[in-house]
Amino acid sequence: MMKTTDISAVSAKNSQAIVASLNQLLADYHLYYQNLRGFHWNISGPSFFELHRQFELMYTEAQVVIDNIAERILTLGGQPLHTMTDYLAHASIKEAKGLMDAESTVKTVHENLGLLLSMERGIVSLASKSDDEATVDMLTPLISAQEKVAWMLRAFNGKKK
Ligand SMILES: [Fe+2]
């Protein structure tokens, strides 16, 4: 009999755990995305032009990441969450409502990023223990980019940490 090649290096048990944590991340990403959309629309004040544009840049980037996470879930044999009900039930990021000023919107984006980052670090650790290099590869550049954005947001609000 021909020997079959195992495409996935990740065991079924490990991939289920990775899928579950990626679905959690996917849910939080949607909350993060929608918060950014709201801030893009509602921002007002002297930083309007700057932040209106910045939030658009961030949600446009988030859209690409969302698709990558969902398709990684499918690649691992899972099903991505795709309803608002599921996103709200699974996400730890809260819906931001009615924020309009620069300081609170930037602070909220920074906090949301902190949650995404801690989740991503957890998934990288789980994925590397499970020999899932592709998930590690997807998340590692994201982590360094987000850490940089987090620094910029702190700098915008005049904060060191
Ligand atoms: Fe717009």
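Residues numbered from 1 in each chain as written. Predicted model: local features only at pLDDT ≥ 70, side-chain atom pairs only at ≥ 80, totals over all residues.

Asks: Even after reading the chapter, I still don't get unusual backbone geometry, so can you show me in this structure?
Replies: For residues that are not glycine, phi is negative in most cases, and the peptide bond is trans in most cases. Residues other than glycine seldom take positive phi values, yet Asp-131 does so here, at roughly 60°. In this structure Asp-131 comes out as exposed when scored by C-beta crowding, with 12 C-beta atoms within 10 Å. (Buried ≥ 20, exposed ≤ 12 C-beta atoms within 10 Å, placed from the backbone.)

Asks: Sorry, what's going on with the nonpolar core here?
Replies: Among soluble globular proteins, nonpolar side chains are generally buried collectively. By size, the foremost hydrophobic cluster in this structure holds 33 residues, and its most contacted members are Ile-18, Leu-22, Leu-26, Tyr-29, Tyr-32, Leu-36 and Ile-69. Of all the secondary-structure elements, those providing two or more residues to this core are helix 1 (12–42), helix 2 (48–75), helix 4 (102–129) and helix 5 (133–156). In terms of residues, this core owes the most to one element, helix 1, which gives 12 residues. When sequence neighbours within four positions are dropped, the list of residues in contact with Leu-22 reads Ile-69, Arg-72, Ile-73 and Ile-123. (Core = buried A, V, L, I, M, F, W, Y, C linked by C-beta atoms within 7 Å. Helix = DSSP H or I, 4+ residues; strand = E, 2+ residues; numbered from the N terminus. Contact = placed C-beta atoms within 7 Å.)

Asks: What's the story with helix 2 in this structure? I'm lost.
Replies: Each α-helix turn comprises 3.6 residues. Residues three or four places apart therefore point the same way. Taking 1.5 Å of rise per residue, 28 residues should cover 40 Å, and helix 2 covers 40 Å from first to last C-alpha, within 8% of that figure. Among the residues of helix 2, those classed as buried are Leu-51, Gln-54, Phe-55, Met-58, Val-65, Ile-69, Arg-72 and Ile-73. Packing partners of the buried residues in helix 2 comprise helix 1, helix 4 and helix 5. The positive-phi residue at the C-terminal boundary of helix 2 is Gly-77, with phi of around 90°. (Expected span 1.5 Å × (residues − 1).)

Asks: When you look at the packing of helix 4 against helix 5 in this model, what are you seeing that I'm missing?
Replies: If you want to describe how two helices pack, look at the angle between their axes and the distance between the axes. At a minimum axis distance of 9 Å, the contact between helix 4 and helix 5 shows a crossing angle of 155°. Classified by the angle between their axes, helix 4 and helix 5 sit roughly antiparallel to one another. Handedness of the crossing formed by helix 4 with helix 5: left-handed. Partitioned by chemical class, the residues of the contact of helix 4 with helix 5 number 16 nonpolar, six polar and four charged. (Axes fitted to C-alpha atoms, helices over the stretch in contact; angles between N-to-C directions. Parallel < 35°, antiparallel > 145°, perpendicular 65-115°, else oblique. Left-handed = near helix turned anticlockwise from the far one by under 90°. Nonpolar A, V, L, I, M, F, W, Y, C, P; charged D, E, K, R; others polar.)

Remember, this is a structural readout, not a statement about activity or role.
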